[in-house]
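The lines below spell out each chain.
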Amino acid sequence: MATTATEICAPDRRARRGSLLRRRLFDLVGWGSSALALLLLGGAMLWILGVVFLRGLSALSPTILTHVTEGYGGGLLNAIEGTAVLALGGVLLAAVPGLAAGIYLAEFDAGRLAPFIRFLADVLVGVPSIVIGYFGYVTLVVDLGWKFSVAAGSLALAIISLPYICRTTEMALRQVPRALRESAYALGAGDARVVLGICLPAALPGILTGILLALAISVGETAPLLYTAGWSNYLWTGHLTNEPIGYLTYAIWAFITEPFSSAHALAYAAALLVTLFVLIISILSRTILEGWRRRSPWERPAL
Amino acid sequence: MNFRRFTALVGSIVGVALIVMVAFLGIYAWPAIRFNGWHFLTQNNWNLGNLYANPITIRGQQILPAAHYGILFLIAGTLLSTAIAISLAVPVGVGAAIFLAEGTPPMLRSWVSLFVELLAAIPSVVYGLWGYVVVIPFLSHRVYPWMAKYLGFIPFLGGHTGSGYGLLTCGLVLTLMIVPLITATLRDALVSQGASRREAAVALGASRFETVWTVLLPEVRRVLIGSSILATGRALGETMAVLMISGNAVNYLPHNIYAPISTMASFIVSQLDSALTDPTGMAVRALAEVALALCLISILVNGLARVLLYYQDRHSAGV
Amino acid sequence: MKRLKSITVGVLTAVIAVLAVAGKGAMSSASPLPTPPADINILETGSSLLYPLFQLWIPYYTKANPGVRITPQSTGSGTGIAQAVAGIVQIGASDAYMSDVLVRQHPLLNIPLCISMQMVNYNLPGLNRQHLKLSGPVLAGIYQGQIRYWDDAAIKGLNPGVALPHHLIIPVHRTDGSGDTFIFTQYLSFSTPAWANSVSYGTTVSWPPVSGGLGAEGNPGMVTAIQDNPYSIAYIGTSFENAIEKAGLGLALLKNRNGNFVLPSAKTAEAAAAQMVPKTPPDERISLIFAPGADSYPIINYEYALVSRQQPSAEMAAALRKFFTWAISPRGGNAPHFMKAVHFVPLPAPVVKLSAAQIAQIH
């Protein structure tokens, strides 16, 4: 009994068998190559993580976590502290403008300003971080006289993180159903109360994801910091300008090319710490998002 | 001031930051732009000039003798490495997305895709470290000699395989960095395709793979193109990984696929300090011109992607 | 809902408070956090040739002088010059003195701290234990791409009887702004008119593209580059001679102005210095390259510390003066055990006087 398209359309048994064979082959090749693609990616991922973790773990020692850098050896305490200061500084600086922009784009999207800001934010995402670093060097470090400093480094990181926080805030706020807003307005609440009191709390997981993303990006950046934060072998003394600061990604870049094994150990350990931190944040933000999606009784987020 | 205006004001910092940056770069690089003209883009001669000689005046600008700023090799390096990366990333990305969307059981799906997406989260400098430490020795000792020997008849694939630092190595590492961008977006798009199209295809007798290939993929074509362009944008701006594995070629074009290159982004990092020793300041402005060119290329590419994706958003029927 | 509102208000207040304090801190450059008693923080960046010596000096000096912190960085002389000029660091270390134009624009002091040398190293399997004879014109030919193979007639002519392989030469040069490039290209310029007229010298030059040529960053990068690439040749500072020996790489005999082939050593460096010291002007900006003398090594140079005459505070000026005075003293930084460790040579007495005179100008 002819049931499939092949069987209906093919005139005779041999033709049917031939084209069936071709289709099976196509299927095999198709699934095979897509499986291969996934395996390639998975394999590469395992290779990178393997190198970073194995060499990083063997290089990690209590000294590295408790001492500051001395020349080609010593530890990474100054770099760890520096990364924390710079990343938190960058996120703090970017949080308010980013949130404000996201709120404006999601809630008050009438007229031409909102699409314009959205376009500019999308463009800013694509600007290479070295361009931002170069800009920071010429204006903040040299022209304004801040020299290598926490201020310059954090500001550069903030500019990089701004569009991410803006976009994720906007997307998170758009998931909040209109009914919630309308009922709040109907009860007489003003703009501020509706947004800050109702919508933000409802969209908090999504917003948090954006902040975590900005944190991860800030921890992993190197090029802009090379020309804004400089490098220091010492712990931060609290000065925001006129004093450089260390950061883990510098250790990775500068020490791996030195022909000294103590330098290599620092580089691997720094790579391990940075990668670990970034991976934990990515998994954390994914978990938050998944939990939010599953728990919310509203429509499934589209993108 | 009401809340609306407040958020608009504070929020527009995002836009102001970008505009200020591009405007500043343009103004700062203007003397260099006027001095270099179009030769900037068409010539292969980046020369800071005789740093220890007295400046001379050419075309109204003070520069060092023999100073010349032509970045054709940078444009070539940037475009070629990105071209290799995107031409490898699209097939791999599409294949992986198909397998993730259709071939993995839903329970495993989010874990496996998380694993793949983490590739995008790894910082560029860690990719550079991995490339420098393991990939380059592996490629230069095992893979490239084999390639040059057996595939050498293909143009650009034969000849001297060099030390492993070069165009193909950059292309391969860049591929890894941008594939997750394509895979993640495409997988989401495939998964969110409605059931009715799928069921129609199966009813006509298509196998699972045929459904994907002939029905679902064409639907998400625009998403594929949009995300590929976004991935291209990311590859164009990659700095640290390229800096560590590209070989930092200056003033020559790669003669085969294994030859060293330089990209615009990595060039800025490696040359800024040298440029600062130019007392006339023209070298720094020429670097600002490189930064501006890079910025404009990225803006163009990303703008294109956004337009396509935005159009897809508005256009898709979402059955 | 009320609790959420108060939490949000609290968080926003905290953020604004932190920003306000931070802003105030940024304006006055005072620290918002409690600080330990004020340490003098000296930043040094630059020459990768001088860096190993700084790393030996600093632990010794800071132990004897608590209250002073010195952060060194090996970034290349180009960066040393650039950041000293921009005022970002207190000490810019450079193997190259500043150019006339630059010094007129930014009148920094160029203070020699010691005398260093540069080697020409190569990686020739089987031949690394022998010292090959090379000259300025031959090296210029190699780096211009005119001499492509190791068994070229020019190299063979200098090394009769040596079984040179027929293999492409891989010349390695520095990609960063480098004092080593400066002194190497000066050697090439002074000995080879063709090079002087085309490429000339500088911390950055337009290297003629040679197929297979490599770029490396920093002296350590050069060591790694020739280690990883057989048949390569590079110019590396003598502070890395231990690394070169450990890696089993070759060291060349260079032809000096008198036509003799010499190795870098304390004796040959002192011979060259003796010729050039009387010619050193008060601002100490002079090249010691290609000095006359039968035993002179052709590539020696003063290691400069680039410092501003005007310092922002009297304490910083005093700390710098104290450090430099210790550094140039034959019982302090120029002591034999420091110099031998990096294969440098101490400053001759007349130069010590000149440097001291410059140091006194820091205020």
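Because the structure is a prediction, the values reported are computed rather than measured.

## As for the overall build of chain A
- Scanning chain A from N- to C-terminus turns up 12 helices and 2 strands.
- Helices and strands appear in chain A in the N-to-C order α-α-α-β-β-α-α-α-α-α-α-α-α-α.
- A compact globule built from 303 residues should have a C-alpha radius of gyration of about 19 Å, whereas chain A, at 26 Å, is more than 25% larger.
- When the backbone C-alpha atoms are referred to their principal axes, chain A occupies close to 85 × 65 × 35 Å.
- Looking at chain A as a whole, 57% of its 303 residues are labelled buried.
- Sequence separation of 24 or more characterises 73% of the internal contacts of chain A that already satisfy a separation of 6 or more.
- For chain A, the computed accessible surface area is about 12,700 Å², with 67% contributed by carbon and sulfur atoms.

## Things to note about the interface of chain B and chain A
- If you look at the interface, chain B gives 81 residues, while chain A gives 74 residues.
- For the pair chain B and chain A, the summed buried area comes to about 7,200 Å², and 82% of that belongs to carbon and sulfur atoms.
- When the buried surface of chain B facing chain A is broken down by residue, B:Phe3, B:Val14 and B:Phe209 rank first, second and third, together holding 10% of it.
- For B:Glu210, the salt bridge is made with A:Arg23, and the minimal N-O distance between the two is 2.7 Å.
- Counting across the chain B and chain A interface gives 7 residue pairs in polar contact (both at pLDDT 80 or more).

## What to know about the nonpolar core
- Residues B:Trp46 and C:Phe324 are the most contacted members of the largest nonpolar core, which totals 327 residues.
- Contacts of C:Phe324, omitting those with residues within four sequence positions, involve C:Ile91, C:Ile111, C:Leu113, C:Ala305, C:Val307, C:Ile359 and C:Ile362.

## Topic: the packing of aromatic side chains
- Following the criterion strictly, the structure yields 53 aromatic pairs over all chains and no others.
- On the basis of an interplanar angle of 45° and a centroid distance of 6.4 Å, the ring pair of A:Tyr137 and A:Phe148 is categorised as tilted. Here the residue A:Tyr137 occupies a position in helix H6 (residues 129-143), and A:Phe148 occupies one in the loop between H6 and helix H7 (150-175), the gap between them amounting to 11 residues.
- A:Tyr137 gets classed as buried once you look at its relative accessible area, which sits at 2%.
- Under the relative-accessibility criterion, A:Phe148 is labelled buried at 6%.
- An angle of 45° between the planes, with centres 4.6 Å apart, marks the rings of B:Tyr52 and C:Phe182 as tilted. Here the residue B:Tyr52 occupies a position in the loop between strand S1 (46-47) and strand S2 (56-58), and C:Phe182 occupies one in helix H7 (residues 179-191), the pair thus bridging two chains.
- Assessed through its relative accessible area of 14%, B:Tyr52 is described here as buried.
- Judged by its relative accessible area of 1%, C:Phe182 is buried.

## Digging into the side chain of B:Thr183
- Note on placement: B:Thr183 falls in helix H7 (residues 167-191).
- Overall, the relative accessible area of 2% leaves B:Thr183 in the buried class.
- If we ignore the near neighbours within four places in the chain, the residues touching B:Thr183 are A:Leu41, B:Gly93, B:Ala96, B:Ala97, B:Leu100 and B:Val116.

## Some thoughts on the domain arrangement of chain B
Residues and elements named next belong to chain B.
- What the domain assignment reports for chain B is domain 1 (3-35 + 45-63) and domain 2 (72-317).
- Counting from both sides, the interface comprises 17 residues of domain 1 and, opposite them, 22 residues of domain 2.
- Among the residues domain 1 hides against domain 2, the three largest losses belong to Tyr28, Trp46 and Leu48. Together they make up 40% of the total.
- Between the two partners, domain 1 and domain 2, sit 0 salt bridges.
- Counting the contacts that link domain 1 with domain 2 gives 2 residue pairs in polar contact (both at pLDDT 80 or more).
- Looking at the side of domain 1 that touches domain 2, the elements that each hand over two or more residues are helix H2 (13-36) and strand S3 (61-63).
- It is H2 that contributes the most residues to the side of domain 1 that touches domain 2, 9 residues altogether.
- Looking at side-chain class alone, the side of domain 1 that touches domain 2 contains 13 nonpolar, 4 polar and no charged residues.

## Some details on the environment of B:Thr239
- With respect to the helices, strands and loops of the structure, B:Thr239 is situated in the loop between helix H10 (221-237) and helix H11 (240-245).
- Accessibility expressed as a relative area gives 4% for B:Thr239, which makes it buried.
- Sequence separation of B:Thr239 and B:Phe24 is 215 residues, and the distance between their C-alpha atoms is 21 Å.
- If we skip the residues at most four places from it in the chain, B:Thr239 touches A:Ile130, A:Ala223, B:Ala265, B:Ser266 and B:Val269.

## Details of the confidence of the model for chain B
- Mean pLDDT over chain B works out to 88, with 97% of the residues at or above the 70 mark.
- Scored as a complex, the prediction yields pTM 0.86 and ipTM 0.87.

## Concerning the sheet that holds strand S10 (residues 253-255) of chain C
All names here are of chain C.
- Strands sit in the order S5-S10-S11 across an open sheet of 3 strands; the sheet is mixed. Two strands close off the open sheet at either side, each with one partner strand: strand S5 (133-134) and strand S11 (261-262).
- When S5 meets S10, the two strands line up parallel, connected through 2 bridges. Residue pairing across strands places Leu134 opposite Leu254, the latter belonging to S10.

Rules used in this analysis
- Residues numbered from 1 in each chain as written.
- Chains lettered and ligands numbered in written order.
- Predicted model: local features only at pLDDT ≥ 70, side-chain atom pairs only at ≥ 80, totals over all residues.
- Heavy atoms only, no water.
- Helix = DSSP H or I, 4+ residues; strand = E, 2+ residues; numbered from the N terminus.
- Rg over C-alpha atoms; globule rule 2.2 N^0.38 Å.
- Buried < 20%, exposed > 50% of the residue type's maximum accessible area, 1.4 Å probe, protein only.
- Contact = heavy atoms within 4.5 Å.
- Areas by Shrake-Rupley, 256 points an atom, 1.4 Å probe, with all protein chains shown as cover.
- Buried area = accessible area lost by both parts, 1.4 Å probe.
- Salt bridge = Lys/Arg side-chain N within 4 Å of Asp/Glu carboxyl O.
- Polar contact = N/O pair within 3.5 Å; in protein donor to acceptor, adjacent residues only side chain to side chain.
- Core = buried A, V, L, I, M, F, W, Y, C linked by side-chain atoms within 4.5 Å.
- Phe/Tyr/Trp six-rings, centres within 6.5 Å; stacked < 30°, edge-to-face > 60°.
- Domains from an automatic or database assignment.
- Nonpolar A, V, L, I, M, F, W, Y, C, P; charged D, E, K, R; others polar.
- pLDDT = per-residue confidence, 0-100.
- Pairing = 2+ DSSP bridges.

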